[in-house]
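Topology and contacts: notes
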Amino acid sequence: MEKRLYGLRGASGAENTRESVQKGVTELCRALFSDNALSPDDIVSVHFTLTKDLTALNPAFALRHGDVGIDVSRCALFTSQEADITGAPSGMIRVLVHAYLEEGAQPKHVYINGAEKLRPDFVRK
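Residues numbered from 1 in each chain as written. Predicted model: local features only at pLDDT ≥ 70, side-chain atom pairs only at ≥ 80, totals over all residues. Heavy atoms only, no water.

1. Things to note about the pattern of salt bridges
Where side chains of opposite charge bring their charged atoms close, a pairing between them can arise. Enumeration according to the criterion identifies six salt bridges in this entry. In this structure, Glu-82 engages Arg-94 in a salt bridge whose closest nitrogen and oxygen atoms are separated by 3.3 Å. Of this pair, Glu-82 sits in the loop between β3 (76-81) and β4 (92-102) while Arg-94 sits in strand β4, and the two are 12 residues apart along the sequence. Taking the relative accessible area as the measure of exposure, Arg-94 reaches 31% and is therefore partly exposed. Close ionic contact of Asp-121 with Arg-119 constitutes a salt bridge, the shortest N to O distance being 2.6 Å. (Salt bridge = Lys/Arg side-chain N within 4 Å of Asp/Glu carboxyl O. Helix = DSSP H or I, 4+ residues; strand = E, 2+ residues; numbered from the N terminus. Buried < 20%, exposed > 50% of the residue type's maximum accessible area, 1.4 Å probe, protein only.)

2. Some thoughts on the sheet that holds β4
Strand pairing in a sheet relies on backbone hydrogen bonds, with the paired strands running either antiparallel or parallel. In spatial order, the strands read β3-β2-β4-β1-β5; together these five strands make up an open sheet with mixed pairing. Only two strands of the sheet have a single partner each, and these edge strands are β3 and β5 (110-112). Taken pair by pair, the neighbouring strands of this sheet meet at an average axis angle of 15°, ignoring direction. In this sheet, β3 lies alongside strand β2 (residues 43-50) in parallel orientation, the contact comprising six bridges. (Pairing = 2+ DSSP bridges. Axes fitted to C-alpha atoms, helices over the stretch in contact; angles between N-to-C directions.)

3. So, the environment of His-98
In this structure, His-98 sits in strand β4. Look at His-98 and you get partly exposed, because its relative accessible area is 27%. Between the C-alpha atoms of His-98 and Cys-29, which are 69 residues apart in sequence, the distance is 13 Å. Beyond its immediate chain neighbours, meaning those up to four positions away, His-98 contacts Leu-5, Tyr-6, Asp-42, Ile-43, Val-44 and Ser-45. (Contact = heavy atoms within 4.5 Å.)

4. A closer look at a nonpolar patch on the surface
A cluster of nonpolar side chains, contributed by Leu-5, Val-44 and Tyr-100, occupies part of the molecular surface with about 240 Å² of accessible area. With respect to the helices, strands and loops of the structure, Leu-5 is situated in strand β1 (residues 3-13). (Patch = residues over 30% accessible without salt bridge, like charges linked within 9 Å, V, L, I, M, F, W, Y side chains within 5 Å. Areas by Shrake-Rupley, 256 points an atom, 1.4 Å probe, with all protein chains shown as cover.)

5. With respect to the side chain of Asp-42
Checked against the element boundaries, Asp-42 lands in the loop between α1 (18-35) and β2. Among the residues examined, Asp-42 registers a relative accessible area of 8% and is labelled buried. A distance of 2.7 Å separates a polar atom in the side chain of Asp-42 from a polar atom in the side chain of Lys-3. Excluding anything up to four places from it in sequence, Asp-42 contacts Lys-3, Ala-37, His-98, Ala-99 and Tyr-100. (Polar contact = N/O pair within 3.5 Å; in protein donor to acceptor, adjacent residues only side chain to side chain.)

6. A closer look at the environment of Arg-119
Relative to the elements of secondary structure, Arg-119 occurs in the segment after β5. Its relative accessible area of 26% is what places Arg-119 among the partly exposed residues. Through-space distance from the C-alpha of Arg-119 to that of Gly-24 is 17 Å; in sequence the pair is 95 residues apart. When sequence neighbours within four positions are dropped, the list of residues in contact with Arg-119 reads Arg-9 and Tyr-111. Among the polar contacts made by the side chain of Arg-119, one reaches the side chain of Asp-121 at a distance of 2.6 Å.

Okay, here's the thing in structure tokens:
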């Protein structure tokens, strides 16, 4: 079967501590990778954004040092600050994973730890 490139989205809420950011990133990526049955060879890149109040730990560092179920050591990782929008929730880590899935796959997006309010249509049942 042919594969095509997909964008997998997700987010996790976190407090501004190393432990909370590490936990949020690890849980988020473990679920995203597992739910979409990804292998390291499927992943092209992982781009994190985080709100300006989260300064304790870089999410890319957290991913490289977390137990997410697969080896991400060869994956391209990038982090940037979320746009500062009036009224937007604070304490949010978002992720966009570019990965190859089987043609026709239904990507599974993951929103956890308070981030469910960002995309209630993607909340896991």
